[in-house]
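Residue-level listing of the chains:
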2 protein chains.
Amino acid sequence: MDTPFTPISEIGEFGLIERLRQSLGDAAHANRLAVPIGDDAAVAAIGNGRAQVLTTDLFVEGVHFDRTFAPLRALGWKCIAASVSDVCAMNAEPTLATVALGVPNNLSVENAETLYTGIGQACERYGLALAGGDITASARLVISVTVLGEADAERVVTRAGTVPGEVVCITGDVGASAAGLQLLLKGKEALAKETPGGDGAADRRAPELADFPVPIERHLMPQARLDRVRLWHETGFRPTSLIDVSDGVASEAHHLSVASTVGITLEAGMLPVHRQTMAAAELLEERAEAWALYGGEDYELLFTTPKDALSVLPEDAYAIIGEVVEPEEGVSLRMPDGNVIPLDPRGFTHF
Amino acid sequence: MDTPFTPISEIGEFGLIERLRQSLGDAAHANRLAVPIGDDAAVAAIGNGRAQVLTTDLFVEGVHFDRTFAPLRALGWKCIAASVSDVCAMNAEPTLATVALGVPNNLSVENAETLYTGIGQACERYGLALAGGDITASARLVISVTVLGEADAERVVTRAGTVPGEVVCITGDVGASAAGLQLLLKGKEALAKETPGGDGAADRRAPELADFPVPIERHLMPQARLDRVRLWHETGFRPTSLIDVSDGVASEAHHLSVASTVGITLEAGMLPVHRQTMAAAELLEERAEAWALYGGEDYELLFTTPKDALSVLPEDAYAIIGEVVEPEEGVSLRMPDGNVIPLDPRGFTHF
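Residues numbered from 1 in each chain as written. Chains lettered and ligands numbered in written order. Predicted model: local features only at pLDDT ≥ 70, side-chain atom pairs only at ≥ 80, totals over all residues. Heavy atoms only, no water.

> So what's going on with the environment of G120(A)? Residues and values would help.
With respect to the helices and strands, G120(A) occurs in helix α3 (residues 109-125). For the pair G120(A) and L130(A), spaced 10 residues apart in the sequence, the C-alpha separation amounts to 7.6 Å. Dropping the residues within four chain positions of it, G120(A) is found in contact with L24(B) and A27(B). (Helix = DSSP H or I, 4+ residues; strand = E, 2+ residues; numbered from the N terminus. Contact = heavy atoms within 4.5 Å.)

In structure tokens:
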């Protein structure tokens, strides 16, 4: 009897997650989970009205990062920041982290130390204790990060909870990380052409990376918006639904739409884009809006709220970028000319 | 200025962990950690006299497992059981797990489902909720498991805490997992020789795997000794120091010795070895004691206690295999003829 071989690319990442959830049996539905599998992080009650938040991420060389241009200290930082961002996306505060490392033999002790310096700096920045981990051999560098967080149970915010009539907001500008990646890739390409055998001329078209510190830093050492989560706690503000922008605004808007059973209309003209991101798009002949919508890894927080509730927040702590509409309207983008077009979820797909 | 390149093999896994701990700065020493990095799992206080236990493990294809003879369901089971064993080694009860998966393109959806069936079965067996995870592409199959556990803070047992005069005990027999691995490797070898081009005769020397169900199951689907931890809780028994046998009894005895600043003398003649392990050693012309001391992956619990305290336990729940002695006596093995020889830590090294 032959077992069928269905390539994972045929059903995609989210199709696979659904199939695996079914394979798990009762383990995925245990009643100690306050939020089931599928949000940014898992949530479990721990008594005293407190909830625990748990997230895990795997970063694989050649898939998530390129050691030829990502400095190891930045890489260590980014792995922690990305997981902290998932905890922020539940409106919780991070507490502990563990790191499991798969180490190839072309990584030196000094390299590993540099990586851990970045990990340690990010842990300090976000108030995390690094509680332990695992180190093993591996053909390629693999970094698995787990972050624990806590929050008052009633403060936890998931992807579900918004209703038509609310506004969609973002905590900062988007597209910068994608711009930074493209700039770095062009820089790497130019460098390759300078080596013997290259034509030695192409490098004149290479971007001056020093002109774009914001996109490059956003790509290499992104910040989790724990500052915003803390501001929300201080002011008593609580979003009605929440997700972090790891796969692009378009993809995350679709996640909110599915989890909350609503439609979402984003305003193309209102997406905050940094001027260096705009300048990079011009230089590289790309579209900054595409980076903003589909780029990902910005780690800003996308959230919904009744518009009135925003009054407790300083105006520079968010931008309104759209509205929550009826589910049958789907997820769409209103162009500056008033045309409304369906918004493709795209975003990065692994398979 | 050149950065030195020190190969990790030069300082070994434990040397590397120490260097990385230093690179982390304050993050590794945060005062919310009740037990610092380096035990089987991290421990943090969560209030109400309760402690939380956190462990993470990375399993890499070609390093930790071989898909040509480890069925995927067994592999899923084993990754969970191994991490649960680390929680047991703190005398705690597991509660939640997350799994991050790096998936190569030669793994089908059906393969992934089989893997998750095993993960789900192990979670159910040990009372764990699978709280979430991450799925990404990867050149080789990579499985990262994080398990959370809880215990009354005063019940937590670390590797430190034993004193000379106590006895060293084990919860079951050892060496079976190493025997199982050798049997499976011989079976694979024989199979390879049966293919066209093989000499077709060698397979007569291959072991009948059906004669060795215990070692093979112990290797492929080991059990974490949560049953023993629960028995200890029910009877009020608390070991003075505790570790699980993932790297071999010899290596683990060294860990207890270092953490507790004691010497340990093991009795070679008292190591419990299953009769199928003995039979496999005879068949394969190997030494069962070497498997017991250096084999690892048995996931039995190695613990110390004043001898009197054992009276609350049923006699078949442990075996006394040695004694705790003065630190200057080091870790040694008393042979059946009375000779005492220093015991090499060996065990599996990745680098």
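> Summarise the sheet that holds strand β11 (residues 319-325) of chain B; cite the residues concerned and give the values.
Residues and elements named next belong to chain B. Spatially, β8-β10-β7-β11-β9-β12-β13 is the arrangement adopted by the seven strands of the open sheet, whose pairing is mixed. Each end of this open sheet is capped by a strand with a single partner; those strands are β8 (241-244) and β13 (340-342). On average, adjacent strands in this sheet sit at an angle of 25° to one another, irrespective of strand direction. Judged from the four bridges that link them, strand β9 (residues 263-267) and strand β12 (residues 331-334) form a sheet pairing that is parallel. (Pairing = 2+ DSSP bridges. Axes fitted to C-alpha atoms, helices over the stretch in contact; angles between N-to-C directions.)

> Which residues make up the domain arrangement of chain A, and what values go with them?
Residue and element names in this part refer to chain A. Here the domain parsing of chain A yields domain 1 (35-155) and domain 2 (167-342). Each of domain 1 and domain 2 was reduced to a C-alpha centroid, and the two centroids are 22 Å apart. Taken together, the contact pairs 26 residues of domain 1 with 24 residues of domain 2. In this assembly, domain 1 packs against domain 2 so that about 2,300 Å² is buried in total across both faces, 55% of it on carbon and sulfur atoms. By the criterion of area lost to domain 2, the three top residues of domain 1 are F69, K78 and N91, representing 28% of everything that side buries. Between R230 and E93 there is a salt bridge, with the nearest N and O atoms lying 2.4 Å from each other. Between the two partners, domain 1 and domain 2, sit 11 residue pairs in polar contact (both at pLDDT 80 or more). When residues of the side of domain 1 that touches domain 2 are assigned to their parent elements, the largest contribution, 10 residues, is made by helix α2 (residues 72-88). Across the side of domain 1 that touches domain 2, the residue classes tally to 14 nonpolar, three polar and nine charged. (Domains from an automatic or database assignment. Buried area = accessible area lost by both parts, 1.4 Å probe. Salt bridge = Lys/Arg side-chain N within 4 Å of Asp/Glu carboxyl O. Polar contact = N/O pair within 3.5 Å; in protein donor to acceptor, adjacent residues only side chain to side chain. Nonpolar A, V, L, I, M, F, W, Y, C, P; charged D, E, K, R; others polar.)

> Residues and numbers for the relation of the copies chain B and chain A, please.
By a simple turn and slide, chain B fits onto chain A: the slide is 0.0 Å along the axis, the RMSD is 0.0 Å, and the turn is 180°. The two molecules are tied by a two-fold rotation axis, judged by turn and shift. Most of the interface of chain B is mirrored in chain A, where 100% of its interface residues again form contacts. (Least-squares fit on C-alpha atoms with pLDDT ≥ 70 in both.)

> Report on unusual backbone geometry, specifying residues and quantitative values.
Positioned with a positive phi, T261(A) is a non-glycine residue whose angle comes to about 50°. Following the sequence through the fold, T261(A) ends up in the loop between α7 (249-260) and β9 (263-267). When its relative accessible area of 55% is taken as the criterion, T261(A) is described as exposed. For E285(B), which is not glycine, the phi dihedral falls at a positive 55°. Among the structural elements, E285(B) can be located in the loop between α8 (275-284) and α9 (288-294). (Buried < 20%, exposed > 50% of the residue type's maximum accessible area, 1.4 Å probe, protein only.)

> Please give an account of the pairing of strand β4 (residues 93-103) of chain A that cites residues and values.
Residue and element names in this part refer to chain A. Most of β4 sits inside the fold, with 10 of its 11 residues counted as buried. Note: β4 against strand β5 (residues 129-137), eight bridges, orientation parallel. Within β5, the position partnered with V103 by the bridge is A137. Viewed along the sheet, the connection from β4 through α3 into β5 turns out right-handed. (Right-handed = clockwise from strand over helix to strand, strands pointing away.)

> Tell me about the interface of chain B and chain A, and please be specific about residues and values.
Taken residue by residue, the interface counts 75 residues in chain B and 75 residues in chain A. Per-residue buried area on chain B facing chain A is highest for L58(B), V109(B) and I135(B); these three make up 10% of the total on that side. Counting the contacts that link chain B with chain A gives two salt bridges. E113(A) serves as the salt-bridge partner of R19(B), at 2.5 Å between the closest nitrogen and oxygen. Looking at the side of chain B that touches chain A, the elements with two or more residues in it are α1 (8-23), β2 (42-45), β3 (50-60), β4 (93-103), α3 (109-125), β5 (129-137) and β6 (142-152) of chain B. Sort the elements by how many residues they give to the side of chain B that touches chain A and α3(B) lands first, with 11 residues. Residues belonging to the side of chain B that touches chain A are distributed by class as follows: 41 nonpolar, 24 polar and 10 charged.

> I'd love a proper account of the packing of α3(A) against α1(B), names of residues and values included.
Between α3(A) and α1(B), whose axes approach to 10 Å, the crossing angle comes to 20°. The pairing of α3(A) with α1(B) is recorded here as roughly parallel in orientation. Judged by the sense of rotation from one axis to the other, the crossing of α3(A) with α1(B) is right-handed. Residues V109(A), E110(A), A112(A), E113(A), Y116(A) and T117(A) of α3(A) form the contact with α1(B), whose participating residues are I8(B), I11(B), L16(B), R19(B), L20(B) and S23(B). (Parallel < 35°, antiparallel > 145°, perpendicular 65-115°, else oblique. Left-handed = near helix turned anticlockwise from the far one by under 90°.)

> If you had to explain the packing of aromatic side chains to someone new, which residues and values would you point to?
All names here are of chain A. Inspection of the entire model under this criterion finds eight aromatic pairs over all chains. Relative to Y126, the ring of W77 has its centre 5.9 Å away and its plane inclined at 55°; by these criteria the two rings are tilted. With a gap of 49 residues between them, W77 in helix α2 and Y126 in the loop between α3 and β5 connect regions that are remote in the sequence. Both residues of the pair, W77 and Y126, count as buried. With a centroid separation of 5.8 Å and an interplanar angle of 65°, the aromatic rings of W232 and F237 are classed as edge-to-face. As far as the burial class goes, W232 and F237 line up, both buried. Every member of this aromatic cluster is reached through a ring pair, and the members are W232, F237 and F303. (Phe/Tyr/Trp six-rings, centres within 6.5 Å; stacked < 30°, edge-to-face > 60°.)

> Could you give an account of the side chain of E252(B), with specific residues and numbers?
All names here are of chain B. Checked against the element boundaries, E252 lands in helix α7 (residues 249-260). In this structure E252 is buried but unpaired, with R159 as the nearest side chain of opposite charge at 5.4 Å. From its side chain, E252 meets the backbone nitrogen of S246 in a polar contact 3.0 Å long. Those residues in contact with E252, other than ones at most four positions away along the chain, are I243, D244, V245, S246, D247 and L302. (Lys, Arg positive; Asp, Glu negative; His and termini not counted.)

> Residues and numbers for the sheet that holds β6(B), please.
All names here are of chain B. Taken together, six strands build an open sheet; the order of strands is β1-β2-β3-β6-β4-β5 and the sheet is mixed. Strands at the two margins of the open sheet, each flanked by one partner only, are β1 (33-35) and β5. Across the sheet, the mean angle separating the axes of adjacent strands is 25° when strand polarity is ignored. Strand direction decides the pairing type here: β4 and β6, joined by nine bridges, are antiparallel.

> Outline the pattern of salt bridges, listing residues and values.
Once their charged atoms are close, side chains differing in charge can pair, the charge on each being opposite to the other. Residue and element names in this part refer to chain A. In this structure the tally under the stated criterion is 34 salt bridges over all chains. Ionic pairing is found between E18 and R21, a salt bridge with its closest N-O pair at 3.2 Å. Here E18 and its partner R21 are both found in helix α1 (residues 8-23), three residues apart, which amounts to about one turn of the helix. Relative accessible area serves as the criterion here: at 33%, E18 is assigned to the partly exposed category. A salt bridge links R225 to D227; the shortest N-O distance between them is 3.0 Å. Given the relative accessible area of 13%, R225 is considered buried.

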